[in-house]
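Fold and contact review
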There are 2 protein chains.
Amino acid sequence: MEEEQEKDAARRHREKMEKRKAVQDAEVAGKTIAQKGLLMVHTGSGKGKSTAAFGLALRALGHGWKVGVVQFGKGGWRSGEREMLEKLGEVSWHTLGEGFTWETQDRARDEAAARRAWETACALMDDPEIRLLVLDELNISLRYDHLPLGEVVERLAARREGLHIVVTGRNAKPEMIAAADLVTEMTLVKHHFAAGVKAQEGIEF
Amino acid sequence: MEEEQEKDAARRHREKMEKRKAVQDAEVAGKTIAQKGLLMVHTGSGKGKSTAAFGLALRALGHGWKVGVVQFGKGGWRSGEREMLEKLGEVSWHTLGEGFTWETQDRARDEAAARRAWETACALMDDPEIRLLVLDELNISLRYDHLPLGEVVERLAARREGLHIVVTGRNAKPEMIAAADLVTEMTLVKHHFAAGVKAQEGIEF
């Protein structure tokens, strides 16, 4: 009987250890997969802020990642890129801006549009399948105080592990820069518009 | 007989005028379609120079354009983008760099590789189907004098009408900037590598 009890204790111990090892293995496996999700900011008055963000989306889709895009500006002129990216993989694309104050002259409407865009961004941050989230022109909404800066930066900083976020738009707030892992400023050195060349299909839109 | 001669002269004149009109019509038609092909330069020590160039390629493919890419650097880590872009349309992609001097320690080999890449670039400039040409890291080859700056800038400036070219790489030469229509400097404001985060799949490669 004592032998039976000993066997039983040994079995239970083995089972417990096996469970513990499984948990540890899962943790280790998780650590290997999970990487720090970066908060990246593309700002400055030069070109390429959004274009580089969509270039990152292209690369992410190449890795089989699901990508989210929320446009805080009107962004209709990005429809070509949207169509191309959607051909390559899973893209959850939301154009929720309606143009900014200097166009609409209606502050309440701007704030409501920014709020809708931000709520969509939060929903995508909560979607565990999304690995890269582009928040296009969010900096502009923040610059014009269409959204509370503190709330936005806090939420971005509290993003889940492994979620990469790219925020674009000129005049990034210092608080946004402080929260970011990577900030690139696109500076205009020379522009063909100054030389009288018009905006061109394929390049500007 | 005089009447015959007059008729003949009138016919020849009409034919000549028709020919001239056809040439003029073709010229006008060409002017309507052709837009000024831009020479764009992405330089600076920040991120996004090549990523924004491939973002432009994405947009160009959205317009049904044929795109050329010549990589003067090794560029193997852009294979994901290559695969994605090739799914979307016609891309003539050439990775001809073999890594630069600081890696190979073999200057003659570097120069030969740069020359091969440049000759491919020239062939693509001559291909009337190509509407956008990305010369990735050409600035690096020029910085290390692997190619004669004067020859390169002169050839780029003499590109055919309607061909857009994007040149990437830090330390763009002043002559390159002078020849360009659009120059964007990507400046590093803050980098996660400094905070000890490693290069990550999907973001850096």
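Residues numbered from 1 in each chain as written. Chains lettered and ligands numbered in written order. Predicted model: local features only at pLDDT ≥ 70, side-chain atom pairs only at ≥ 80, totals over all residues. Heavy atoms only, no water.

Time to look at the packing of helix α5 (residues 107–126) of chain A against helix α7 (residues 149–157) of chain A. The axes of two packed helices give the description: the angle between them and the distance between them. Residue and element names in this part refer to chain A. The interhelical angle for the contact between α5 and α7, taken along N-to-C directions, is 15 degrees, at an axis separation of 11 Å. By the angle between their axes, α5 is roughly parallel relative to α7. Two packed elements cross with a definite hand, and for α5 against α7 that hand is left-handed. Packed against α5, whose contacting residues are Arg-115, Trp-118, Cys-122, Met-125 and Asp-126, the element α7 presents Glu-151, Val-152, Arg-155 and Leu-156 at the interface. Classifying every residue of the contact of α5 with α7 gives 5 nonpolar, no polar and 4 charged. (Axes fitted to C-alpha atoms, helices over the stretch in contact; angles between N-to-C directions. Helix = DSSP H or I, 4+ residues; strand = E, 2+ residues; numbered from the N terminus. Parallel < 35°, antiparallel > 145°, perpendicular 65-115°, else oblique. Left-handed = near helix turned anticlockwise from the far one by under 90°. Contact = heavy atoms within 4.5 Å. Nonpolar A, V, L, I, M, F, W, Y, C, P; charged D, E, K, R; others polar.)

So, on to the confidence of the model for chain A. Scored by pLDDT, chain A has a mean of 84; 75% of the residues are at 70 or more. Counting interchain partners and residues more than four positions distant, the pLDDT-below-50 stretch residues 30–34 of chain A has 1 contact. (pLDDT = per-residue confidence, 0-100.)

Here we come to the side chain of Gln-71 of chain B. All names here are of chain B. Topologically, Gln-71 is positioned in strand β2 (residues 66–71). One polar contact links Gln-71 to Thr-95, side chain to side chain, over a distance of 2.7 Å. In contact with Gln-71, not counting residues within four places along its chain, are Phe-54, Arg-78, Trp-93, His-94, Thr-95, Leu-96, Gly-97 and Asp-136. (Polar contact = N/O pair within 3.5 Å; in protein donor to acceptor, adjacent residues only side chain to side chain.)

Another point: helix α5 (residues 107–126) of chain B. Taking 1.5 Å per residue as the helical rise, α5 of chain B with its 20 residues ought to reach 28 Å, and the 29 Å between its terminal C-alpha atoms agrees with that figure. Of all the residues in α5 of chain B, the buried ones are Asp-110, Ala-113, Ala-114, Ala-117, Trp-118, Thr-120, Ala-121, Cys-122, Leu-124 and Met-125 of chain B. (Expected span 1.5 Å × (residues − 1). Buried < 20%, exposed > 50% of the residue type's maximum accessible area, 1.4 Å probe, protein only.)

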